[in-house]
Amino acid sequence: DALWVHALASMIAVGSKFLIRVNGKHIFNPSALGIAVLIFVTDHAWVSPGQWGTSLWFALLLSFLAMLVLHASKRTDIALFYLLCHTGLLLARALWLGDPLAIPLNQLQNGSLLLFAFLMISDPRTVPDARLARCLFAATVTVIAYLLAFHFHFRPALYAALIMASFLIPLLYRWLPAKRFECKPQGGPQSC
């Protein structure tokens with residue numbers, strides 16, 4: 001609700017890229033960290049699951065553009081696995097409670113979820129390099145977010161879950177090593 005909030009979130013996000021690293025790799029998704037820190041330390045920041053709307057054209061456009069980027073970075077698997085786990089938990093909860101399927105379907109229809117899946121949890125510079133490690137990471141984020149949202153009624157559960165699960169990334173690097181992600185444009189120096 002104030003310009004300084006946006007400036008501080010940007011400073012935290014960019015600063016974390018350079019200050020919080022293990023073996024030269026980010027641990028936290030910079031955007032998620034900036035948002036989470038400000039939600040926890042101020043009363044001037046918040047997230048709303050409906051802020052991006054439920055428009056089908058926006059969802060399709062975002063998904064298409066994100067899939068192009070994720071395909072190029074070979075990180076499509078984590079976004080799709082996260083969405084599969086998230087959908088599975090929502091459907092299982094609805095079936096357990098006897099809720100109509102319209103409830104979990106409505107919970108899946110928001111741009112914020114797509115932004116999270118395609119741009120935050122799938123950031124190639126912050127997720128583990130091994131495919132199995134990425135799937136374990138996505139499942140961990142999903143379970144933590146589910147617990148925060150439905151047992152503790154915590155609204156920014158996705159961002160908090162991503163930050164909490166990020167502490168596992170150095171262990172996943174060690175347990176499941178793989179070739180490190182590098183972004184090298186054709187004919188130019190590394191830019192990522």
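Residues numbered from 1 in each chain as written. Predicted model: local features only at pLDDT ≥ 70, side-chain atom pairs only at ≥ 80, totals over all residues. Heavy atoms only, no water.

### Considering the nonpolar core
So, step 1. Membership of the largest hydrophobic core comes to 45 residues, with the highest contact counts inside it found for Tyr82, Phe116, Ile121, Phe137, Val141 and Leu162.
So, step 2. Put simply, the parts of the chain that give this core at least two residues each are helix H1 (3-19), helix H2 (30-41), helix H3 (56-73), helix H4 (76-97), helix H6 (111-120), helix H7 (131-150), helix H8 (157-166) and helix H9 (169-175).
So, step 3. The contacts of phenylalanine 116, once residues within four sequence positions are left out, are Tyr82, Ile121, Val141, Leu158, Tyr159 and Leu162. (Core = buried A, V, L, I, M, F, W, Y, C linked by side-chain atoms within 4.5 Å. Buried < 20%, exposed > 50% of the residue type's maximum accessible area, 1.4 Å probe, protein only. Helix = DSSP H or I, 4+ residues; strand = E, 2+ residues; numbered from the N terminus. Contact = heavy atoms within 4.5 Å.)

### Here we look at H4
So, step 1. For H4, built from 22 residues, the straight-helix expectation of 32 Å at 1.5 Å per residue is met to within 8% by its first-to-last C-alpha distance of 32 Å.
So, step 2. Of all the positions in H4, only Thr76, Asp77, Ile78, Ala79, Tyr82, Leu83, Cys85, His86, Leu90 and Ala94 are classed as buried.
So, step 3. At the C-terminal side of H4, glycine 98 shows a positive phi close to 80°. (Expected span 1.5 Å × (residues − 1).)

### Description of H1
Two residues of an α-helix separated by three or four positions point the same way, owing to the 3.6 residues in each turn.
So, step 1. Here H1 spans 24 Å end to end across 17 residues, near enough to the 24 Å set by a 1.5 Å rise per residue.
So, step 2. Within H1 the residues assigned to the buried category are Val5, Ala9, Ala13 and Ser16. With its buried residues spanning 70° around the axis, H1 presents them on a single face. Along H1, the residues that are exposed and aim more than 90 degrees away from the buried face are Leu3, Met11, Phe18 and Leu19.
So, step 3. If you follow the buried residues of H1, they end up packed against H2. (Arc of directions from axis to C-beta.)

### Focus on the pattern of salt bridges
So, step 1. Evaluated as defined, the whole model comprises two salt bridges.
So, step 2. Measuring nitrogen to oxygen at the nearest pair gives 2.9 Å for the salt bridge that ties aspartate 77 to arginine 131. Taken together, the residues aspartate 77 in helix H4 and arginine 131 in helix H7 connect sequence positions 54 residues apart.
So, step 3. Owing to a relative accessible area of 15%, aspartate 77 belongs among the buried residues under this scheme.
So, step 4. In this structure, aspartate 77 and arginine 134 form a salt bridge, with 2.7 Å as the shortest nitrogen-oxygen distance. Remark: arginine 134 occurs in helix H7 and aspartate 77 occurs in helix H4; sequence separation between them is 57 residues.
So, step 5. Look at arginine 134 and you get buried, because its relative accessible area is 3%.
So, step 6. It is possible to trace a salt-bridge network through shared partners that takes in Asp77, Arg131 and Arg134. (Salt bridge = Lys/Arg side-chain N within 4 Å of Asp/Glu carboxyl O.)

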